[in-house]
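Each chain, written out:
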Amino acid sequence: MKIAIKIFGKSSINTNQDGQNVQGDEMIALAWMKYLQNHGVQSSLFDRNDAPSSDFDAVIHFDLITSSRWPGVKNICYLQNAFPAHAWAGGTVGQFNLHKDKFDDFIFTSDTLRDNCETDGAVVQFAVDHEIYQSPDKRINGPKTYFVGNGIRSDEENVRYLGPAIKHGLVIYGNGLGWSRQFTPCLKGKISVQDEVSLYQSTGICMNHHMQEHVIHDTINFRIYCALACGATIISDKVKSLSGPFLDGVLLTDGHEHTDTLISNHNSNTNNSAIDYILTYHTFANRAVIVYDFLRSII
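Cut-offs and rules
- Residues numbered from 1 in each chain as written.
- Predicted model: local features only at pLDDT ≥ 70, side-chain atom pairs only at ≥ 80, totals over all residues.
- Heavy atoms only, no water.
- Helix = DSSP H or I, 4+ residues; strand = E, 2+ residues; numbered from the N terminus.
- Buried < 20%, exposed > 50% of the residue type's maximum accessible area, 1.4 Å probe, protein only.
- Polar contact = N/O pair within 3.5 Å; in protein donor to acceptor, adjacent residues only side chain to side chain.
- Contact = heavy atoms within 4.5 Å.
- 1 Å grid on protein atoms, 1.4 Å probe; cavity = no way out; pocket = protein on both sides within 12 Å on 5 of 7 lines; lining within 4 Å.
- Points joined across faces, edges and corners; volume = space filled by probe spheres on them.
- Nonpolar A, V, L, I, M, F, W, Y, C, P; charged D, E, K, R; others polar.
- pLDDT = per-residue confidence, 0-100.

Peer 1: What should I look at first to understand the side chain of Thr-283 in this one?
Peer 2: Relative to the helices and strands, Thr-283 resides in the loop between α9 (272–281) and α10 (284–298). Classification of Thr-283 as buried rests on a relative accessible area of 4%. There is a polar contact of 3.0 Å between the side chain of Thr-283 and the side chain of Asn-286. Apart from the residues within four sequence positions on either side, Thr-283 is in contact with Ala-127, Val-128, His-130 and Ile-278.

Peer 1: In this structure, what is going on with empty space enclosed by the protein? I would like to understand it.
Peer 2: It is the rolling of a water-molecule-sized probe over the atoms that shows where space remains empty. Using the criterion set out here, one finds three cavities of 30 Å³ or more in the structure. Computed from the structure, the largest cavity encloses a volume of approximately 60 Å³. Element by element, the count of residues in the lining of the largest cavity is highest for helix α6 (residues 212–217), at three residues. Residue composition of the lining of the largest cavity, grouped by class: four nonpolar, seven polar and one charged.

Peer 1: When you look at the confidence of the model for the protein chain in this model, what are you seeing that I'm missing?
Peer 2: For any part of a model where pLDDT is low, the fine detail of the predicted coordinates should not be relied upon. Mean pLDDT over the protein chain: 92, with 95% of residues reaching 70 or higher. Low confidence marks residues 14–21, where pLDDT is under 50. Its contacts with residues over four positions away, or in another chain, come to 23 contacts.

If you want it as structure tokens, here you go:
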């Protein structure tokens with residue numbers, strides 16, 4: 001089997017040439033390619049500027065909006081981005097309905113998202129490349145609280161979930177655009193994958209919160225899996241799927257004073273049960289099996 005994976009852009013893979021963090025879809029695409037090899041799948045990576053090719057059995061489009069149909073191959077949409085309703089008509093489901101006719105089949109990041117889109121398709125959650133994100137032998141010193149990501153969430157959400165961490169030495173790694181003035185002292189710019197791993201391996205707390213579209217469709221942020229694999233403690237807003245075994249490593253918060261209390265009471269012990277859970281059920285090696293079985297069923 002021979003497939004193409006098409007992402008929005010690949011200029012910053014492992015190099016950060018565009019001045020931002022390595023993008024999640026790039027990391028996911030590389031991990032899919034890496035572990036699909038174990039099933040005999042040959043894959044090639046393309047970005048939005050590459051010309052279409054018919055030399056493949058299928059192309060998996062990671063970008064819903066800019067993707068155009070490739071002739072002579074099976075076109076599959078992997079809906080792994082959320083679209084806030086205030087900026088995109090109809091939000092994620094509205095944009096899906098607007099662009100779905102370009103594709104033959106679909107892959108979603110949660111059962112709820114698939115159900116809300118009212119169509120068939122595979123469900124492939126985010127995961128971790130366990131060969132990159134690993135728990136350390138000994139936790140290292142780092143900032144008390146940190147956030148890896150860009151300021152794409154609303155200012156109200158950022159203030160509610162990240163604001164309380166400012167007095168606890170919050171450090172933010174990512175694109176400096178979109179953050180309100182109170183977060184300016186926290187901004188440290190981009191971070192490499194190697195430094196991101198070290199951050200998750202530190203004694204600090206990984207702060208997390210989701211856009212409302214993620215909450216609606218029950219899609220968990222990519223960083224959750226990577227941070228937990230490194231033994232980090234995460235403080236996050238409440239999303240339905242962040243329950244059960246996830247709670248061994250994730251402290252759920254309502255924001256504001258509740259977040260402040262959780263940070264103040266935190267200890268830096270490694271949570272081995274959370275690591276074991278992620279490495280057993282939520283690796284890209286696991287996900288490659290699902291992707292491979294889905295491809296076999298439609299090609």
